[in-house]
Amino acid sequence: MNTRELQDKIIALKKEKGMCILAHAYQSHDIWEVADFVGDSFALSQYAASVPQDTVIMCGVRFMAETVKVLSPQKRSILANPLAGCPMAEQIDQKMITWLKDKYPKHTIVAYINTTSSLKTAVDVCVTSSSAVRIINNIQNDKILFVPDKNLGEWVAQQCPDKEFVFFRGGCPTHMRIRKRDVEAARKDHPNAKLLVHPECLGEVTDLADFAGSTTEIMAYAKDSSEKEFIIGTESSIVQHLQFECPDKQFYLLSRECVCHNMKMTTLADVYQCLLGRSGEEINLTDDVIKGAKKSIERMIELGR
Ligand code: 13P
Ligand code: SF4
């Protein structure tokens, strides 16, 4: 079977079985083409809250499938490849949050959505890269404890000068491998290109960028721009999607480090096997976790609109 035949089988099967395929923008383009919805973390959460089908197959990482279960507990949420987890989501646990709460009792705890659902039960509100500035500006308290991504937190703090921030020292292992020297080398190779990066990158990288934003914001910027060349400082799939969407423009990956092995774990064949009920993992969460995590995610959706 070739890729197109497999895609046709997947599209026919998902219709026959009444299943929905959601994909994060870091998934490969062959998966993107069979998905019902592709987006950044905020858009995926919004969609997950209102998905019409009874079963959702999530092509992304574990916390994303958990978010679907939390927002639609009556539905089956299946992680297409059970090995796909976000290492950043494992960097902080509830014990650390309890310790931080004791140390900073007056702070509102803001958690990046890249956290486990049990961690989400212990925080005040979640944010994503595309919604963090808006949400934090909408919080009454001027004291913010931001976990776990320090780079995203510092980038947000630059845009919320009236707030006082405390950071946890976590971060995305993929984006943190990109360095200033990669920017210098890419700028030298492509002097006319605009540099678009994700705010999970180190400050030494975002400070030099022409634009920083979420995965879909980066794609929208490149599509809407009259410029013809772009250096992309985020996961390599974004370059792949942009090459399909804007064939008259040129896209260069900022560094060979821009590969998230967890996002790359899911294949088109996994999606097919999942639809047949032969693989994937159905997410099960306790009622307490669902109830607790729901509060911080729903608050995010409400404040981030
Ligand atoms: P966004 O799609 O919200 O930009 O998130 C990027 C990411 O690293 C997801 O794991
Ligand atoms: Fe996690 Fe980074 Fe991969 Fe996103 S890109 S899933 S934050 S490791």
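Small disclaimer: the values here were computed from a predicted structure and weren't measured.

The rules behind these values
- Residues numbered from 1 in each chain as written.
- Chains lettered and ligands numbered in written order.
- Predicted model: local features only at pLDDT ≥ 70, side-chain atom pairs only at ≥ 80, totals over all residues.
- Heavy atoms only, no water.
- Near = heavy atom within 4 Å.
- Polar contact = N/O pair within 3.5 Å; in protein donor to acceptor, adjacent residues only side chain to side chain.
- Areas by Shrake-Rupley, 256 points an atom, 1.4 Å probe, with all protein chains shown as cover.
- 1 Å grid on protein atoms, 1.4 Å probe; cavity = no way out; pocket = protein on both sides within 12 Å on 5 of 7 lines; lining within 4 Å.
- Sits in = over half its atoms within 2 Å of the grid points.
- Nonpolar A, V, L, I, M, F, W, Y, C, P; charged D, E, K, R; others polar.
- Helix = DSSP H or I, 4+ residues; strand = E, 2+ residues; numbered from the N terminus.
- Buried < 20%, exposed > 50% of the residue type's maximum accessible area, 1.4 Å probe, protein only.
- Lys, Arg positive; Asp, Glu negative; His and termini not counted.
- Salt bridge = Lys/Arg side-chain N within 4 Å of Asp/Glu carboxyl O.
- Contact = heavy atoms within 4.5 Å.
- Core = buried A, V, L, I, M, F, W, Y, C linked by side-chain atoms within 4.5 Å.
- Pairing = 2+ DSSP bridges.
- Arc of directions from axis to C-beta.

Caption draft 1: Region of interest: the site of ligand 1. For ligand 1, the set of nearby residues contains 13 residues, the closest of which are His24, Ser41, His198, Glu200 and Thr215. In this structure, an oxygen atom belonging to ligand 1 sits 3.1 Å away from a side-chain N or O atom of asparagine 114. Contacts to ligand 1 include histidine 198, whose side-chain N or O atom sits 2.7 Å from an oxygen atom. Look at ligand 1: alone it shows 300 Å² of surface, and the protein chains cover 97% of it. One can see that ligand 1 is located within the largest pocket. Residue composition of the shell around ligand 1, by class: four nonpolar, seven polar and two charged.

Caption draft 2: Region of interest: the site of ligand 2. Every residue lining ligand 2 is accounted for by Tyr26, Cys86, Pro87, Met88, Asn114, Cys172, His175, Glu200, Cys260 and Met263. Under a 2 Å grid-point criterion requiring more than half of the atoms, the pocket assigned to ligand 2 is the largest pocket. The class makeup of the residues in the shell around ligand 2 is seven nonpolar, two polar and one charged.

Caption draft 3: Quick peek at the side chain of aspartate 270. The residue aspartate 270 is located in helix α13 (residues 268-275) in this model. There is no salt bridge for the buried aspartate 270, and the closest opposite charge comes from arginine 278, which lies 11 Å off by N-O distance. In this structure the side chain of aspartate 270 is engaged in a polar contact, spanning 3.2 Å, whose partner is the side chain of asparagine 81. Not counting the four nearest positions on each side in its chain, aspartate 270 is found in contact with Ala80, Asn81, Met265 and Ser279.

Caption draft 4: A look at the environment of phenylalanine 230. Relative to the assigned elements, phenylalanine 230 resides in strand β11 (residues 229-233). When the C-alpha atoms of phenylalanine 230 and asparagine 81 are compared, they prove to be 31 Å apart, with 149 residues separating the residues in sequence. Those residues in contact with phenylalanine 230, other than ones at most four positions away along the chain, are Ala193, Lys194, Leu196, Tyr221, Ala222, Ser225, Lys249, Gln250, Phe251 and Tyr252.

Caption draft 5: Spatial organisation of the nonpolar core. Ranked by internal contacts, the top residues of the largest apolar core, which has 77 residues, are Ile136, Val156, Ile232, Leu254 and Met300. Counting residues per element, this core draws most heavily on helix α14 (residues 287-304), at seven residues. Core analysis: the next-biggest nonpolar cluster, separate from the first, contains 18 residues, Val34, Ala35, Ala80 and Tyr272 among them.

Caption draft 6: Helix α4 (residues 62-71), seen in detail. When you tally the buried positions in α4, you get nine out of ten residues, the bulk of the element. Inspection of α4 places Phe63, Met64, Ala65, Glu66, Thr67, Val68, Lys69, Val70 and Leu71 among the buried residues, and these make up the whole buried set. Considering only its buried residues, α4 is in contact with β1 (19-24), α3 (41-48), β3 (55-59), β4 (76-79), α6 (117-120) and α14.

Caption draft 7: Quick peek at the sheet that holds strand β10 (residues 211-212). Taking strand neighbours across the sheet as the criterion, the four strands line up as β10-β9-β11-β12 in an open arrangement whose pairing is parallel. With partners counted over all chains shown, the strands left at the sheet margins are β10 and β12 (250-253), one partner each. Across two bridges, strand β9 (residues 194-197) lies against β10 in parallel orientation. Bridging across to β10, leucine 196 finds its partner in phenylalanine 211.

Caption draft 8: Examining the pattern of salt bridges more closely. Per the stated rule, a full pass over the model turns up eleven salt bridges. Arginine 62 serves as the salt-bridge partner of glutamate 281, at 2.9 Å between the closest nitrogen and oxygen. One end of the pair, glutamate 281, is in strand β13 (residues 281-282); the other, arginine 62, is in helix α4, with 219 residues separating them in the sequence. Among the ionic pairs, lysine 264 bridges to glutamate 235, the shortest N-O distance being 2.8 Å. Here glutamate 235 lies in the loop between β11 and α12 (237-245) and lysine 264 lies in the loop between β12 and α13, a separation of 29 residues in the sequence. Of the residues examined, lysine 264 reaches a relative accessible area of 34% and is grouped as partly exposed. On the accessibility criterion, glutamate 235 (1% relative accessible area) is buried.

Caption draft 9: Summary view of α3. Residues Ser41, Phe42, Leu44, Ser45 and Ala48 constitute the buried set of α3. Down the axis of α3, the smallest arc covering the buried residues is 165 degrees, so these residues share one side. Turning to α3, the residues buried within the fold contact β1, β2 (37-39), β3, α4 and α14.

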